[in-house]
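# Survey of secondary and tertiary structure
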Amino acid sequence: MAKRDIRDLIDLIRRPLITEKATMLLEDNKYLFEVSQQARKPEIKEAIEALFDVKVVKVHTQAATRKSRRVGRFIGHKPMYKRAIVTLAEGDSIVLFPEV
């Protein structure tokens, strides 16, 4: 597989997710990220390794289904999103909260 351009990889990772589940996963050296809908597991792995200079062991993805919402008589949809749980190698870590 050919290496992708670093500028394309940056666009795949949108933001780290900080939730109760995500903070519990930090104990197992797993990090939760919101990623682009078109991102695939090898691309996510390459992007995380390039951006944070760490070794990724596993990538699990989860795409949320589209949910409809009603506001009065109007029916709309919540935006779709995809998130990735990234497991890092032993000894590697990502600093989500930098010390000041």
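The shown structure was predicted, so the numbers you read here are calculated from the model rather than taken from an experiment. (Residues numbered from 1 in each chain as written. Predicted model: local features only at pLDDT ≥ 70, side-chain atom pairs only at ≥ 80, totals over all residues. Heavy atoms only, no water.)

### Some words on helix α3 (residues 41–52)
Here is the rule we go by: Under the DSSP-based scheme used, a helix requires at least four consecutive residues in state H or I and a strand at least two consecutive residues in state E, with every element numbered from the N terminus. Multiplying 1.5 Å by the residue count of a helix minus one yields the expected span of that helix. We call two residues in contact when some of their heavy atoms are within 4.5 Å.
Under the 1.5 Å per step criterion, the end-to-end length of α3 is 16 Å for 12 residues, consistent within 8% with the ideal 16 Å. Looking at the buried residues of α3, the elements they touch are α1 (6–12), β1 (13–16), β2 (30–35), β3 (56–63) and β6 (82–88). Of the residues trailing α3, D53 is marked for its positive phi of about 55°.

### Concerning the pairing of strand β5 (residues 74–77)
Two faces belong to every sheet, and in a regular strand the side chains alternate between them. Quick reminder of the rule: In this description, strands pair whenever DSSP reports at least two bridges between them.
The pairing of strand β4 (residues 68–71) with β5 spans four bridges and is classified as antiparallel. Paired with R70 across the two strands is I75, which belongs to β5. Connecting β4 to the next strand, β5, in antiparallel fashion are two residues, including G72 with a positive phi near 70°.

### Side note on the nonpolar core
Nonpolar side chains in soluble globular proteins generally cluster together in the buried interior. Where we set the bar: Think of a nonpolar core as a cluster: buried Ala, Val, Leu, Ile, Met, Phe, Trp, Tyr and Cys residues, connected wherever their side-chain atoms sit within 4.5 Å. Between buried and exposed lies partly exposed: a residue is buried under 20% and exposed over 50% of the maximum accessible area for its type, with that area taken using a 1.4 Å probe on protein chains only.
Counting 17 residues, the largest nonpolar core has F33, I44, I48 and V86 as its most contacted members. Secondary structure elements with two or more residues in this core: α1, β2, α3, β3 and β6.

### What about the sheet that holds β2?
Condition: In this description, a line fitted to the C-alpha atoms serves as the axis of each element, helices being fitted only across the stretch in contact, and the angle between N-to-C directions of two axes falls anywhere from 0 to 180 degrees.
An order of β1-β2-β6-β3 is seen for the four strands of this open sheet, with the pairing classed as antiparallel. The strands lining the two open edges of the sheet, one partner per strand, are β1 and β3. Pairs of neighbouring strands in the sheet enclose a mean axial angle of 30°, with direction left out of account. Bridge analysis of β2 against β6 gives six bridges, and the strand direction is antiparallel. Each residue of the ladder has a partner; that of Y31, found in β6, is V86.

### Side note on the environment of K82
As a reminder of what qualifies: For this analysis, a polar contact is any N or O atom pair within 3.5 Å, provided that within protein one partner can donate a hydrogen and the other can accept it, and provided that sequence-adjacent residues contribute only side-chain to side-chain pairs.
With respect to the element layout, K82 can be found in strand β6. Considering only alpha carbons, one finds K82 and V95, 13 residues apart in sequence, at a separation of 22 Å. Apart from residues lying up to four places away in sequence, K82 is in contact with F33, E34, V35, S36, Q37, A39, R40, T61, Q62 and A63. Of note is the side chain of K82, whose polar atom sits 2.7 Å from the backbone oxygen of A39.

### Here we look at the pattern of salt bridges
Where charged atoms from two side chains of opposite charge come close, those side chains can pair. Spelled out, the test is: Salt bridges are counted wherever a side-chain nitrogen of Lys or Arg sits within 4 Å of a carboxyl oxygen of Asp or Glu.
All told, the structure shown has three salt bridges when counted by the stated rule. A salt bridge links R15 to E34; the nearest nitrogen and oxygen atoms lie 2.8 Å apart. A residue pair is termed long-range when its members are at least 10 positions apart, and R15 in strand β1 and E34 in strand β2 qualify at 19 residues. R15 gets classed as partly exposed once you look at its relative accessible area, which sits at 45%. Note that K55 is salt-bridged to E49, the shortest N-O span being 4.0 Å. Note on K55: relative accessible area 45%, which makes it partly exposed.

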